[in-house]
Amino acid sequence: MTVAKNWIRRNSPGIVALALMVGTFYGVRLPESSAAEIDKLAKDFSFEPMSIALPAGFERQEVRKVNKAYQHIEAWISSVGAGVAVNDLDGDGLANDLCVNDVRIDQAVVTPAPTRKDAYEPFALDPAPLGTSKTMAPMGCMPGDYNEDGRMDLLVYYWGRTPVLFMNEGEKGKPLTADSFTPTELLPGKPGRTYTGPLWNSNAAAVADFDGDGHDDIYIGNYFPDSPVLDPSKDGDVTMNASLSHAQNGGGGHFFRWTEDGYEKVDDAIPQSLNKGWTLGASAADLDGDGLPEMFLAHDFGTSALLHNTSTPGRLRFSEVKSEHTATIPKSKELGRSSFKGMGVDFGDLDHDGLYDMFVSNITTSFGIQESNFAFISDAGSRSELQGRFAEGEAPYKDKSTGLGLAWSGWGWDVKMGDFDNNGDLEIVQALGFVKGKNNRWPQLQELATANDALVPNPQWWPNVEHGDDLAGSQRMRFFAKDPDSGRYHNLSVALGIGEPIPTRGIATGDVDGDGRLDLVVARQWGEPVFLHNVSKSPGAYLGLKLTHPDGSPVVGAEVCVELPDGTKRITRLDGGGGHSGKRSTDVHIGLGKDVRDPVPATITWRDRAGEVHEQKLKLTPGWHSIQLGTEAKEK
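Predicted, not measured: the structure shown is a model, and the values here were computed from it.

It is worth spelling out the side chain of Thr-509 at this point. Inspection of the secondary structure puts Thr-509 in strand 28 (residues 504–510). Overall, Thr-509 belongs to the buried group, its relative accessible area being 4%. Leave out the neighbours within four places in its chain, and Thr-509 touches Val-86, Lys-416, Phe-420, Asp-519, Leu-520, Arg-584 and Ser-585.

Here we come to the nonpolar core. Of all hydrophobic cores here, the largest spans 73 residues; its most connected members are Trp-76, Ile-77, Trp-411 and Phe-479. Core analysis: the next-biggest nonpolar cluster, separate from the first, contains 24 residues, Ala-541, Leu-547, Leu-592 and Ile-604 among them.

Paired through their backbone hydrogen bonds, the strands of a sheet run either parallel or antiparallel. Reading across the sheet, the five strands line up as 5-4-3-2-34 and stay open at both edges, with mixed pairing between neighbours. If you trace the sheet from one side to the other, it starts and ends with strand 5 (123–124) and strand 34 (582–583), each paired once. Taken together, the two bridges between strand 2 (residues 83–87) and strand 34 define a ladder with parallel strand orientation. Within strand 34, the position partnered with Ala-85 by the bridge is Lys-583.

A side chain with one charge can pair with a side chain of the opposite charge if their charged atoms come near. Counted by the stated rule, this structure contains 37 salt bridges. Salt-bridge contacts for Arg-257 lead to Asp-211; the nearest nitrogen and oxygen are separated by 3.9 Å. Taken together, the residues Arg-257 in strand 12 (residues 252–259) and Asp-211 in the loop between strand 10 (202–208) and strand 11 (217–222) connect sequence positions 46 residues apart. Look at Arg-257 and you get buried, because its relative accessible area is 13%. Here Glu-334 and Arg-337 are joined by a salt bridge, their closest N and O atoms 3.5 Å apart. Residue Arg-337 is classed as partly exposed on the basis of its relative accessible area of 23%.

Spatially, 35-31-38-39 is the arrangement adopted by the four strands of the open sheet, whose pairing is mixed. Each edge of the open sheet carries a strand with a single partner, namely strand 35 (588–593) and strand 39 (633–635). The mean inter-strand angle of the sheet, taken between neighbouring strand axes irrespective of direction, is 30 degrees. Where strand 31 (residues 541–548) lies against strand 35, five bridges are found, and the strand directions are antiparallel. Its bridge partner lying in strand 35, Ala-541 is registered against Gly-593.

Take helix 4 (residues 383–391) next. Three or more residues of helix 4 are buried, namely Arg-383, Leu-386, Arg-389 and Phe-390. Angularly, the buried residues of helix 4 cover 115 degrees about the axis, an arc narrow enough to put them on a single face. Helix 4 presents Ser-384 and Ala-391 as exposed residues on the side facing more than 90 degrees away from its buried surface. The secondary structure elements touched by the buried residues of helix 4 are strand 15 (294–300), strand 16 (305–309), strand 17 (318–321), strand 21 (397–399) and strand 32 (559–563).

Our next topic: the domain arrangement of the chain. Considered domain by domain, the chain is made up of domain 1 (1–30) and domain 2 (38–635). Measuring from the centre of the C-alpha atoms in domain 1 to the corresponding centre in domain 2 gives 49 Å.

Right, let's get into helix 6 (residues 442–449). When helix 6 is considered as a whole, its buried residues turn out to be Trp-442, Leu-445 and Leu-448. Projected down its long axis, helix 6 shows its buried positions confined to an angular sector of 115 degrees, all on one face.

The next point concerns the UniProt feature "domain: ASPIC/UnbV" (unreviewed entry) in the chain. When the UniProt feature table is mapped to this numbering, "domain: ASPIC/UnbV" (unreviewed entry) covers residues 556–611. Along residues 556–611 the backbone is 0% helical and 46% strand, and the end-to-end C-alpha distance reaches 12 Å.

Bringing the packing of aromatic side chains into the picture now. Summed over the entire model, instances satisfying the criterion amount to 26 aromatic pairs. Ring centres of Trp-76 and Trp-462 lie 5.1 Å apart, and the angle between their planes is 75 degrees; on these two criteria the pair is classed as edge-to-face. With Trp-76 in helix 3 (residues 74–77) and Trp-462 in the loop between helix 6 and strand 25 (469–470), the pair connects residues that are 386 residues apart, well separated along the chain. Aromatic pair Trp-278 and Phe-301: ring centres 6.1 Å apart, planes at 85 degrees, arrangement edge-to-face. Here Phe-301 lies in the loop between strand 15 and strand 16 and Trp-278 lies in strand 14 (residues 278–285), a separation of 23 residues in the sequence. With respect to burial, Trp-278 and Phe-301 carry one shared label: buried. Over the aromatic face of Trp-624 sits the side chain of Lys-546, whose NZ or CZ is 4.7 Å from the ring centroid.

This part covers the environment of Val-596. You can see Val-596 is positioned in the loop between strand 35 and strand 36 (600–607). Exposure remark for Val-596: the relative accessible area of 7% places this residue in the buried category. Each C-alpha atom of the pair Val-596 and Gly-540 lies 7.9 Å from the other, and the pair is 56 residues apart in sequence. If we skip the residues at most four places from it in the chain, Val-596 touches Ala-541, Pro-565 and Pro-622.

Glancing now at the environment of Lys-569. Here Lys-569 lies in strand 33 (residues 569–573). Residue class for Lys-569 comes out partly exposed when judged on its relative accessible area of 42%. Residues Lys-569 and Asn-362 lie 207 residues apart in sequence; the distance between their C-alpha atoms is 30 Å. With residues up to four places along the chain from it excluded, the contact list for Lys-569 reads His-352, Cys-561, Val-562 and Glu-563.

Considering all chains together, one arrives at one disulfide under this definition. The partner cysteine of Cys-99 in its disulfide is Cys-141, sulfur to sulfur 2.1 Å. The sign of the 95 degrees torsion about the S-S bond sets the Cys-99-Cys-141 disulfide as right-handed. Of the two residues, Cys-99 is situated in strand 3 (residues 97–102) and Cys-141 in strand 6 (residues 137–144); the sequence distance between them amounts to 42 residues.

Along the chain, the position of Asp-483 falls in the loop between strand 26 (478–482) and strand 27 (489–491). Judged by its relative accessible area of 5%, Asp-483 falls in the buried class. Polar side-chain contacts of Asp-483 include one of 2.9 Å to the side chain of Lys-40. Once you skip the residues sitting within four places of it in the chain, Asp-483 turns out to touch Lys-40, Leu-41, Arg-488 and His-490.

Another aspect to go through is unusual backbone geometry. Of all residues except glycine, most have a negative phi; of all peptide bonds, most are trans. The omega torsion across Ala-128 and Pro-129 is 15 degrees, close enough to zero to call that bond cis. Within the element layout of this structure, Pro-129 appears in the loop between strand 5 and strand 6. Look at Phe-367: it is not a glycine, yet its phi comes out positive at around 55 degrees. Following the sequence through the fold, Phe-367 ends up in the loop between strand 19 (357–361) and strand 20 (374–378). Phi at Trp-526 is positive, roughly 65 degrees, even though this residue is not glycine. Here Trp-526 is to be found in the loop between strand 29 (519–524) and strand 30 (530–534). Among the residues examined, Trp-526 registers a relative accessible area of 25% and is labelled partly exposed.

Rules used in this analysis
Residues numbered from 1 in each chain as written. Predicted model: local features only at pLDDT ≥ 70, side-chain atom pairs only at ≥ 80, totals over all residues. Heavy atoms only, no water. Helix = DSSP H or I, 4+ residues; strand = E, 2+ residues; numbered from the N terminus. Buried < 20%, exposed > 50% of the residue type's maximum accessible area, 1.4 Å probe, protein only. Contact = heavy atoms within 4.5 Å. Core = buried A, V, L, I, M, F, W, Y, C linked by side-chain atoms within 4.5 Å. Pairing = 2+ DSSP bridges. Salt bridge = Lys/Arg side-chain N within 4 Å of Asp/Glu carboxyl O. Axes fitted to C-alpha atoms, helices over the stretch in contact; angles between N-to-C directions. Arc of directions from axis to C-beta. Domains from an automatic or database assignment. UniProt positions renumbered as here; feature names shortened; annotations may be inferred. Phe/Tyr/Trp six-rings, centres within 6.5 Å; stacked < 30°, edge-to-face > 60°. Lys NZ or Arg CZ within 6 Å of the ring centre and 35° of its normal. Disulfide = S-S within 2.5 Å. Polar contact = N/O pair within 3.5 Å; in protein donor to acceptor, adjacent residues only side chain to side chain.

Dropping the structure here:
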């Protein structure tokens, strides 16, 4: 007994250390869903993965050519650009056309959804005869009716040049071809076959009627400042972020206001302290019900912000609003004060209180960089209360991601909310992963995360992240579904067979075949994009709405509020497009639950072409409806 006591006494420091290590491991280990919880929810969903056709004849690459100063971090610089959009480009009444950004060929490609029986040949969007260069690459594709002729055009934004509008001049009823789209400069510049304009490096776009004049405006968010990022003949004239938590030396944002003579660039719309962030995502929604959409800017390296819209027709103006600072909530979890890596954002009413909430993607990798995602849930009692608190600079939102089971996932990117089983609750789909390879670079990145900010802007101080290196390369996209009993969300992606260990970037949703079930399209970074056809066996009822102006354009920002038989409400809006690099269709979709068969009261709020706001109540049967919104709502 004495020997045992002596042994314990001699080894007590090691025993305590081991106990602390074991306790810490279990203390920081992320909560996991049980098999029973996953099986309970997964039975209501089913997706059929389908391949997406891409054009032949383009040379494929595995990493981008970059500025010599970035050569040792070429994989890091090559980590974005995969994107996808879903919309009705050929006017057949279905959102069954895709615009896919494929980084392997550095082309923005128009291609039919694989469910189409009348498929056309996929083709790339060529900016010529506008100026082009070998040092530009498309980063995203934004559908929109930019000339208000009733046909959906495409805006493509790039690294290495300013965005290009591809105006849709295709004939209705005829297959789309490359000749269906005419390239036009968003920002007019010098003519010529070789591009000589500003070297924008854009990674986000949002479309909404920001100034309330009845016409859609455009926001473009840049990541790197104007610089030759993709020019391998240059060595220098580039930078990295000036901080890993409060960087304000990025490319910033640019608004383009609609005018009768074309889009007008506006430079003073948001506070200058926010206008040089490293933008990876942007999304807009009218949060306070005043008819003007607020906007959330997801800035990498800690400068994300919610912007309250105070614009008037012809004048764009936003002011920042922040959560109230308290002693009980870490500053890093407060809206407007976070130092996390904002990567993507979406709006949706997660708790059915008639107010929009926000999901913000961040980097949340255990034993890597473990920040957290944000589920900013509105703490206001009404929209009128929101108006008053916004006017005082306050954003009454609290992050409830931990309690909801949404805080941790991985290296997050795009996020989209949608009701994929039509039960009335929103699911959340999140893209994850960074660089896939064989050589683990987490230790070096962790060292960088603790580096002095004075070193960080210089690329030479960054650790190697080259082709073949790995950072979160095997993380799987998330499909979060809500347990109606506990209110917590559980990840079902592996159970549903849609969680391949491949880095994903852009996520788009739309009902491509008109069956009332939302489909998914996922853009993968350096991998094949995938179409996930929703074939859920027994979904609930739904309301699908095509809301258009008399000229045929979608009424971006139109809001629909449906009252269900149990007295609860569901709200959503016609999203003009936002997030990271995925753009949902401009149809409106609301799940009603399995017990709804009769018409439901629906209130539609919209702004007409004259800038006037209207509200009208309708009784709508479950299913699809086409409604024209002028001075009144008329079903077509």
